[in-house]
Amino acid sequence: MDKPALTTSILHADRRLGVEHGGIRTPIHTSIQYGYERVEDLIDVFQGKRKGGFNYARQGTPTTAALESKLAALELGRGAVCFSSGMAALTAVFLTLLRAGDHVVSSRFVFGNTHSLFTTLGTLGIEVSRVDAGSAAEVAAALRPNTRMVFVETIANPGTQVPDLEAIGTLCRDQRLLYVVDNTITSPVLFRPRHVGAGLVIHSLSKTIAGHGAALGGAVIDTGEFDWLHCPNIADAYRSADPASWGLLQIRKKGLRDMGASLSSEHAHQIGLGAETMELRVRQSSANALALARYLESHPAVDKVHYPGLPSHPQHETARRCFGAGSWLLSFELRDPGSMCRVINKLRIPIKATGLGDTRTLVIPVAPTIFWEAGAQVRAAMGISDGMVRISAGIEDTDDLIADFEQALAD
Ligand SMILES: *Cc1c(COP(=O)(O)O)cnc(C)c1O
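Residues numbered from 1 in each chain as written. Predicted model: local features only at pLDDT ≥ 70, side-chain atom pairs only at ≥ 80, totals over all residues. Heavy atoms only, no water.

**Thoughts on the pairing of strand β12 (residues 388-392)**
The two faces of the sheet receive side chains in turn, since in a regular strand these alternate between them. Rules: Each residue's exposure class comes from its accessible area (1.4 Å probe, protein chains only) as a fraction of the maximum for that residue type: buried when under 20%, exposed when over 50%, partly exposed otherwise. Elements are defined by DSSP. Helices are runs of H or I of four residues or more, strands are runs of E of two residues or more, and each kind is numbered from the N terminus. A strand pair is defined by DSSP finding two or more bridges across the two strands.
In terms of burial, β12 is a largely internal element, five of the five residues being buried. The alternating pattern of β12 places Met388, Arg390 and Ser392 and Val389 and Ile391 on opposite faces, both of which are buried. Where strand β9 (residues 329-334) lies against β12, five bridges are found, and the strand directions are antiparallel. Each bridged residue has a counterpart across the sheet, and for Glu333 the counterpart in β12 is Met388. Of the pairings in the sheet, the one linking strand β11 (residues 362-365) to β12 comprises four bridges and is antiparallel in character. Looking across to β12, one finds that Pro365 is bridged to Val389.

Written out as structure tokens, the structure reads:
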């Protein structure tokens, strides 16, 4: 798969837009309102006839627009819309493109809060079938006449299951279904979902795209792979525009307006700063994760390691083909689950915290924290054991991390 010069494409993007005084970054625009000398210009902005025009910051600012154009470039897409968090981006996609009576097929192994959102969709009359997407045949078997969308995450957190990304893409193309891929864990550095036919790509920008853990954000990118003429839920107001723009237009207009979870200029700026070093960070954190996975797999106190970069992982071949690496996310299970807290407490470098894709390594026991509210039944269905520990590898020196785990696991 081709990997265009990803970092180069975004490093110089702001400067090339022509920032005043030769600034190298789009400024943090703090205005909520945008005024015009001629009222006709204001009218044109409202009617979408003036490209790049702004009227009210809930619908975007020049600073969020600069980040959107970088995200579109990173995912080889035709456009992007930013939100105040990854969950806001997901909510906007589901609530603006689906209506009561529609059906969605999703991987069973999804982010806990996405799982919770699916439960909410159910109460609104949008049914979600959850299948093992490691098999495209299971996805195919779950399709119904009213299925509108197939949703997967590239690498599931915390179990690291990988869907059959390519075959599901072929299925969606044949069935003219919208294929939505949450690429948060792999990032555009390891994977471009467009290459497997995804129509929409979703990101939590709070994770590896920002990398610093200093700003929440989310985004939806339209890759241009889906023909929106096949989406029956586009409102009449948007059907006069070019059909290629329908999806993102409705997600932006209705998503930001109805739900109002808009990204602030300050956070867009912070995320843009982080994105400049994303590629370097992902390379180092993924190398650290692989080293930790190998080390833990060989350790007698460890029962299982879940990491797509290991040949022992059930979807190792898919991960190798699609991502070329296993990412920075791994989890493991101790032989003695009762020793879990003792081992984690002995770690000196990783932070005992939730969160993912940070420059610092983060460690968390999964069952009693992020999956506690979900309950034992959901945990079992998602392959989460009581002794599972999640690691989000950071960019520390590899030897320091290994040495720290070595001392923590020693009796
Ligand atoms: C964190 C995360 C989200 C939600 O993003 P927030 O910015 O925390 O709201 C969605 N999907 C995945 C895969 C995530 O890891």
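Okay, back to it.
**Examining unusual backbone geometry**
Residue Asn157 is joined to Pro158 through a cis peptide bond whose omega torsion reads 5 degrees. In this fold, Pro158 is placed in the loop between β4 (147-153) and α8 (165-175). Here Ser327, not a glycine, exhibits a phi torsion of approximately 75 degrees, which is positive.

**Looking at the sheet that holds β4**
Our working rule: In this analysis, axes come from line fits to C-alpha atoms, helices being fitted only over the stretch in contact, and the angle between any two N-to-C directions falls in the range 0 to 180 degrees. Here, two residues are considered to be in contact whenever any of their heavy atoms come within 4.5 Å of each other.
Ordered in space as β1-β7-β6-β5-β4-β2-β3, the seven strands form an open sheet in which the pairing is mixed. If you trace the sheet from one side to the other, it starts and ends with β1 (79-83) and β3 (127-131), each paired once. Shown here is a sheet whose adjacent strand axes are inclined to one another by a mean of 20 degrees, direction ignored. Relative to strand β7 (residues 218-222), strand β6 (residues 200-204) runs antiparallel, the two sharing five bridges. Paired with Leu200 across the bridge in β7 is Asp222. Along the sheet, helix α6 (residues 112-123) contacts β2 (103-107), β3 and β4; its crossing angle with β3, the most-contacted strand, is approximately 140 degrees.

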